[in-house]
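# Chain and residue survey
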There are 2 protein chains.
Amino acid sequence: MRKVAVVGVAQTKFSGSQEKTEVELFAEAATEAIQASNLKPKDIQAAFVGNVLGDFSEGQGTVQAFAVENIGCFNIPTNRYEGACASASMAVRDAFMWVASGFYDIVLAGGVERAATMGTALATRTFAMFSDSRYEFPSGITFPGVFAMLAHLYAAKYNIPIKKLKEQMAIVSVQSYKYGMHNPRAHLRKEVKVEDVLKSFMVATPLQLHDCCPFSDGAAAVILAPEDVAKKLTNKPVYIIGAGQASSGPLVSQGDYLPRIKARELSSKRAYDMAGVGPKDINLCELHDCFSIASILAAEGMGFFEFGKAGEAWEKGEAAIGGKVAINPSGGLKSKGHPIGATGAGQVYEIVKQLRGEVEPGRLVEGAKIGMTDTLGGDATTVVNMILRKGW
Amino acid sequence: MRKVAVVGVAQTKFSGSQEKTEVELFAEAATEAIQASNLKPKDIQAAFVGNVLGDFSEGQGTVQAFAVENIGCFNIPTNRYEGACASASMAVRDAFMWVASGFYDIVLAGGVERAATMGTALATRTFAMFSDSRYEFPSGITFPGVFAMLAHLYAAKYNIPIKKLKEQMAIVSVQSYKYGMHNPRAHLRKEVKVEDVLKSFMVATPLQLHDCCPFSDGAAAVILAPEDVAKKLTNKPVYIIGAGQASSGPLVSQGDYLPRIKARELSSKRAYDMAGVGPKDINLCELHDCFSIASILAAEGMGFFEFGKAGEAWEKGEAAIGGKVAINPSGGLKSKGHPIGATGAGQVYEIVKQLRGEVEPGRLVEGAKIGMTDTLGGDATTVVNMILRKGW
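Residues numbered from 1 in each chain as written. Chains lettered and ligands numbered in written order. Predicted model: local features only at pLDDT ≥ 70, side-chain atom pairs only at ≥ 80, totals over all residues. Heavy atoms only, no water.

### Concerning the overall build of chain A
Operational definition: Secondary structure elements follow DSSP: runs of H or I no shorter than four residues count as helices, runs of E no shorter than two count as strands, and numbering proceeds from the N terminus. To get the radius of gyration, use the C-alpha atoms; to get the globule rule, take the number of residues to the power 0.38 and multiply by 2.2 Å. Burial here depends on accessible area, computed with a 1.4 Å probe over protein chains only, as a share of the maximum for the residue type. Under 20% is buried, over 50% is exposed, and the range in between is partly exposed. Contacts: residue pairs with any heavy atoms within 4.5 Å of one another. Computed with the Shrake-Rupley method and a 1.4 Å probe, the accessible areas treat only the protein chains shown as cover for residues. Think of it this way: Lys and Arg go in the positive column, Asp and Glu in the negative one, and His and the chain ends go nowhere. Where a charge sits is defined by one atom per residue type, namely NZ (Lys), CZ (Arg), CG (Asp) or CD (Glu).
Within chain A, the regular secondary structure consists of 15 helices and 12 strands. In summary, chain A has a C-alpha radius of gyration of 19 Å against a globular reference of 21 Å for 392 residues, a match within 12%. Across its three principal directions, the C-alpha atoms of chain A cover 55 × 45 × 40 Å. Buried residues in chain A amount to 68% of all 392 residues. Counted over contacts in chain A with a minimum sequence separation of 6, partners at least 24 positions apart contribute 77%. Of the roughly 12300 Å² of accessible surface on chain A, a fraction of 53% belongs to carbon and sulfur atoms. Placing the 41 positive and 40 negative side-chain charges of chain A at their respective mean positions leaves the two points 4 Å apart.

Okay, here's the thing in structure tokens:
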């Protein structure tokens with residue numbers, strides 16, 4: 001297997017409802033990524049695209065074929081991946097394998113979504129179809145409700161008073177908003193304090209508005225190449241040294257205690273094993289904070305903090321820049337935004353830019369060598385983790 | 001790259017509207033494929049699933065995660081592929097690469113759809129979103145109209161009187177119905193004569209009812225393994241020796257003459273080149289006859305017959321069993337049926353069963369050594385071709 005590097009990345013601003021089509025949004029990210037890689041569209045040999053709601057948001061299925069043709073990549077193979085929020089991460093992981101295997105030398109991977117354009121109510125209702133249609137959807141629950149229940153179960157398991165957990169969750173959100181203030185491509189850029197979180201309106205108890213990420217419009221793209229090609233294209237190659245994925249299926253498959261997502265524990269282990277590193281080696285991580293409680297569960301599931309202790313870690317600054325592991329210096333889904341089928345590629349974008357030292361002061365993780373992504377599709381349905389290392 | 005074999009295949013009966021969910025339909029095919037491969041669910045290391053309309057037909061997105069957990073394949077990576085009708089072929093091709101690369105030893109690939117359950121009117125309208133939302137969908141055209149136009153353009157290009165072309169197309173359909181009569185897993189099993197086709201109601205001139213394939217419910221699954229593993233599991237391994245894919249994007253990207261689909265010509269060339277064979281070496285082909293005219297275009301695009309001559313070839317029996325290349329001995333999409341996201345895996349099922357000599361008399365291609373699949377997603381959007389060879 002060949003070493004695979006990311007040679008160029010790009011991301012649109014993640015935003016609320018805007019006027020570009022998915023084809024146009026993808027073009028913005030993909031074209032910039034191709035240019036950043038010192039390549040032309042004709043150099044791209046295959047393209048892998050994550051997209052979840054395109055059929056619903058603008059009546060365009062199989063968007064990848066139109067998006068790729070639109071940027072001048074003619075008659076190449078292109079796949080659409082759908083694994084709920086993990087879609088773009090699936091796309092990047094598959095692209096990684098096609099390059100690692102020696103079959104393709106230059107592959108474009110990314111994702112695009114117009115979730116904000118749908119409006120929160122319709123997007124929430126539509127996206128609920130990505131929970132289990134047998135046992136979850138018919139109960140009337142949507143994802144905020146699922147994660148609210150996980151918060152209660154987590155609090156009970158570790159004897160954390162719900163008031164205390166709410167404060168910890170608020171700190172998670174406040175940190176994300178803080179970093180997002182320094183990210184010009186973030187969707188929600190504003191200063192939010194703990195008391196603002198606790199005063200914001202209740203979405204699904206104990207989760208309040210500022211515990212929940214927005215639906216966003218946006219696209220992100222990355223270009224992958226094998227080591228020898230990468231070295232010709234950039235003097236700052238970032239290698240994908242580990243990639244893991246697992247699907248648990250319905251949340252109920254987790255057994256007696258739902259908040260420990262087996263798919264994440266297995267996926268991150270697979271990524272660590274491939275990379276030959278462990279949680280202590282990770283300098284920064286973009287993880288799937290669709291809700292503030294989700295950050296806590298993810299950070300524990302990947303092994304950054306002891307189970308039941310991640311909230312404390314955020315309180316102590318251990319999840320901040322300068323702490324044990326810098327979590328979501330982009331602002332995360334909470335502030336940077338969550339264009340569902342593009343989110344995983346947006347995480348790779350952030351890690352690569354961080355490892356290259358190319359992000360704004362105020363959110364730069366100085367000296368970072370190894371970064372990790374974590375994308376959760378559905379509730380426990382699918383997790384993809386990737387580990388990237390600076391290669392110069 | 002390792003040699004990759006299909007070690008077991010299964011397909012549900014393709015049918016009209018039925019009561020099983022997609023998770024249940026997929027289970028039927030996948031479980032049978034696993035058993036046919038002398039494996040257990042725990043042996044499956046990854047699963048790749050094609051599905052197009054599940055969000056619409058039964059309100060279940062990201063169906064792959066639930067489908068795979070349901071059959072006892074716990075916590076493995078699983079992707080959903082959406083490339084319109086080519087979805088399952090994408091899934092099989094990606095699975096092929098993961099095995100060829102040495103990363104996984106045993107992978108499940110397939111597809112599932114409940115297109116018939118939606119009803120023809122709703123499925124037609126919904127599936128029209130898989131044409132170009134910029135230039136095609138807004139015109140009000142749906143796929144029958146697109147292929148009707150291609151038929152007129154084809155007739156004009158090669159100076160074939162439309163009455164003559166209609167007779168040739170009728171012969172294409174009659175042959176498919178004839179073979180489908182011998183296929184217990186086919187959706188539409190009835191004797192249809194040329195005059196029946198020409199008397200059937202007009203869908204989009206010149207295409208009549210019997211020129212058009214049905215929407216079907218169904219699932220298909222295949223198990224892939226590298227040569228050494230395959231030899232332990234079966235004494236009849238069928239190798240995937242070539243796999244090509246290409247996306248042209250919108251139909252208008254074909255340039256001045258729309259019916260020659262560049263994606264197909266490139267995709268099949270890529271498959272031939274990888275396999276080291278040409279059109280003359282293919283004993284049988286399952287090709288994408290969503291409409292009778294589509295059979296003619298596909299057979300020419302893959303190089304089986306001269307451009308403008310495929311209709312004559314069908315008239316002379318050159319596309320029949322015993323002719324130059326046996327086309328659609330399963331009954332094809334016309335008779336076997338078209339469960340959109342499962343169709344490509346159903347084609348692989350048929351080729352494998354044929355090469356093993358395990359199909360019913362009346363449609364067996366005796367002595368066949370090399371078979372080919374051809375799946376068209378959208379109008380010109382995406383084509384996937386695979387070439388398989390018996391390996392004993």
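Read on for the rest.
### Overview of the packing of aromatic side chains
Worth spelling out the cut-off: Classification of ring pairs uses Phe, Tyr and Trp, with its six-membered ring standing for Trp, and accepts pairs whose centres are within 6.5 Å; under 30 degrees between planes counts as stacked, over 60 as edge-to-face, and the remaining range as tilted. Two thresholds decide whether a charge sits over a ring: the Lys NZ or Arg CZ must be within 6 Å of the ring centre and within 35 degrees of the ring normal.
In the structure shown here, the tally under the stated rule is 26 aromatic pairs over all chains. What links up through ring pairs into an aromatic cluster is the set Phe 48, Tyr 81, Trp 98, Phe 103 and Tyr 104 of chain A together with Phe 48, Tyr 81, Trp 98, Phe 103 and Tyr 104 of chain B. The ring of Phe 307 of chain A has Arg 260 of chain A lying over it, and the distance from NZ or CZ to the ring centre is 3.9 Å.

### Focus: the pairing of strand E12 (residues 382–390) of chain A
Residues and elements named next belong to chain A. How we decide: Any two strands between which DSSP finds at least two bridges are classified as paired.
Counting buried positions along E12 yields 7 of 9 residues, so the element is predominantly enclosed. Here strand E8 (residues 238–247) runs beside E12; their pairing, made up of 9 bridges, is antiparallel. Residue pairing across strands places Ser 247 opposite Thr 382, the latter belonging to E12. As paired elements, strand E11 (residues 370–377) and E12 share 8 bridges and run antiparallel to each other. Looking at E12, one finds that Ile 370 is bridged to Arg 389. The loop that links E11 with its antiparallel partner E12 comprises 4 residues; one of these, Gly 378, has a positive phi angle of about 70°.

### So, the interface of chain A and chain B
Put simply, the test is: Defined here as a combined quantity, buried area equals the accessible surface (1.4 Å probe) lost by two parts on assembly, summed across both. Each salt bridge in this description consists of a side-chain nitrogen of Lys or Arg and a carboxyl oxygen of Asp or Glu lying within 4 Å of one another.
Taken together, the contact between chain A and chain B spans 54 residues of the former and 54 residues of the latter. Between chain A and chain B lies a buried interface of about 4500 Å² when both sides are counted; carbon and sulfur atoms form 54% of it. Taken as a group, Phe 66, Asn 75 and Trp 98 of chain A account for 15% of the area that chain A buries against chain B, more than any other trio of residues on that side. Counting across the interface, chain A meets chain B through 2 salt bridges.

### Some words on a nonpolar patch on the surface
Going by this rule: Patch definition: residues with relative accessible area over 30% and no salt bridge; like charges joined within 9 Å; nonpolar side chains (Val, Leu, Ile, Met, Phe, Trp, Tyr) joined within 5 Å.
A grouping of Met 1 and Met 274 of chain A together with Phe 103 of chain B is seen on the molecular surface, where their side chains present a nonpolar patch of about 270 Å² in accessible area. For Met 1 of chain A, the location among the structural elements is in the segment before strand E1 (4–11). Accessibility expressed as a relative area gives 58% for Met 1 of chain A, which makes it exposed.

### Brief notes about unusual backbone geometry
Residue and element names in this part refer to chain A. In this model, Thr 205 is joined to Pro 206 through a cis peptide bond whose omega is 10°. Within the fold, Pro 206 resides in the loop between strand E5 (202–204) and strand E6 (207–208). The backbone phi angle of Ala 84 is positive, close to 50°, even though this residue is not glycine. Position of Ala 84 relative to the elements: it lies in the loop between strand E3 (78–81) and helix H4 (87–100). The exposure class of Ala 84 is buried, given its relative accessible area of 0%.

### A word on the environment of Leu 209 of chain A
Residues and elements named next belong to chain A. By secondary structure assignment, the location of Leu 209 is in the loop between E6 and strand E7 (217–226). On the accessibility criterion, Leu 209 (36% relative accessible area) is partly exposed. Taking the C-alpha atoms as reference, Leu 209 lies 7.2 Å from Val 197; in sequence the two are 12 residues apart. Residues in contact with Leu 209, not counting those within four places in the same chain, are Ser 200, Phe 201, Val 203 and Lys 334.

### Considerations on the relation of the copies chain A and chain B
Our working rule: Least squares is used to superpose the copies, and the fit set is the C-alpha atoms of residues whose pLDDT is at least 70 in both copies.
After a rotation of 180° and a shift along the axis of 0.0 Å, chain A superposes on chain B with an RMSD of 0.0 Å. Both copies of the chain, as the preceding transformation shows, are related through a two-fold rotation axis. A shared interface surface links the copies, since 100% of the contact residues of chain A are contact residues in chain B too.

### Side note on the packing of helix H11 (residues 262–275) of chain A against helix H12 (residues 292–301) of chain A
Residues and elements named next belong to chain A. For clarity, the cut-off: Lines fitted to C-alpha atoms define the axes here, with helix axes fitted over just the stretch in contact, and angles between the N-to-C directions of these axes take values from 0 to 180 degrees. Any angle between 65 and 115 degrees counts as roughly perpendicular, while under 35 counts as roughly parallel, over 145 as roughly antiparallel, and the rest as oblique. A crossing counts as left-handed when the near helix is turned anticlockwise from the far one by less than a right angle, and as right-handed when that turn is clockwise. Any residue outside Ala, Val, Leu, Ile, Met, Phe, Trp, Tyr, Cys, Pro, Asp, Glu, Lys and Arg is labelled polar, Gly included; the first ten of those are nonpolar and the last four are charged.
At their nearest, the axes of H11 and H12 sit 9 Å apart, and the two run at 45° to each other. Classified by the interaxial angle, the pair formed by H11 and H12 is oblique. As H11 runs across H12, the sense of the crossing is right-handed. The residues of H12 that touch H11, namely those facing Arg 264, Glu 265 and Ser 268, are Leu 297, Ala 298 and Gly 301. Within the contact of H11 with H12, the residues separate by chemical class into 2 nonpolar, 2 polar and 2 charged.

### Examining the pattern of salt bridges
All names here are of chain A. One pass over the structure, following the stated rule, counts 40 salt bridges over all chains. The salt bridge partner of Glu 28 is Lys 20, with a shortest N-O separation of 2.4 Å. Of the residues examined, Glu 28 reaches a relative accessible area of 31% and is grouped as partly exposed. Relative accessible area serves as the criterion here: at 34%, Lys 20 is assigned to the partly exposed category. Of the charged contacts, one joins Arg 114 and Glu 58 as a salt bridge, the two residues approaching to 2.5 Å between their closest N and O atoms.

### Considering helix H15 (residues 343–355) of chain A
All names here are of chain A. How we decide: The span expected for a helix works out to 1.5 Å for each residue beyond the first.
Here H15 is 13 residues long and its end C-alpha atoms lie 19 Å apart, about the 18 Å a rise of 1.5 Å per residue gives. With 13 of 13 residues buried, H15 lies mostly within the body of the structure. Where H15 terminates, the next one or two residues include Gly 357, which has phi positive at roughly 70°.

### Looking at the packing of helix H7 (residues 143–157) of chain A against H12 of chain A
Residue and element names in this part refer to chain A. Running from N to C, H7 and H12 cross one another at 60°; their axes reach a closest spacing of 9 Å. Judged by the angle between their axes, H7 and H12 are oblique. Considering how the two elements wind past one another, H7 and H12 form a crossing that is left-handed. Packed against H7, whose contacting residues are Phe 147, Leu 150, Ala 151 and Tyr 154, the element H12 presents Ile 293, Ala 294, Ile 296, Leu 297 and Glu 300 at the interface.

### Regarding the environment of Ala 128 of chain A
Residues and elements named next belong to chain A. With respect to the helices and strands, Ala 128 occurs in the loop between helix H6 (120–127) and H7. In this structure the C-alpha to C-alpha distance between Ala 128 and Phe 215, which are 87 residues apart in sequence, comes to 13 Å. With residues near it in sequence (within four places) discarded, Ala 128 still touches Phe 137, Ile 141, Thr 142 and Phe 143.

### Remarks on H7 of chain A
All names here are of chain A. A rise of 1.5 Å per residue sets the reference length of H7, with its 15 residues, at 21 Å; its end C-alpha atoms lie 21 Å apart and thus fit the reference within 8%. Residues Phe 143, Pro 144, Gly 145, Val 146, Phe 147, Ala 148, Leu 150, Ala 151, Tyr 154 and Ala 155 constitute the buried set of H7. Remark: Asn 159 follows H7 within two positions and exhibits a positive phi of approximately 50°.

### What about the environment of Val 174 of chain B?
Residues and elements named next belong to chain B. Along the polypeptide, Val 174 turns up in helix H7 (residues 162–180). For the pair Val 174 and Gly 362, spaced 188 residues apart in sequence, the C-alpha to C-alpha distance is 14 Å. Apart from the residues within four sequence positions on either side, Val 174 is in contact with Val 192, Lys 193, Val 194 and Val 197.

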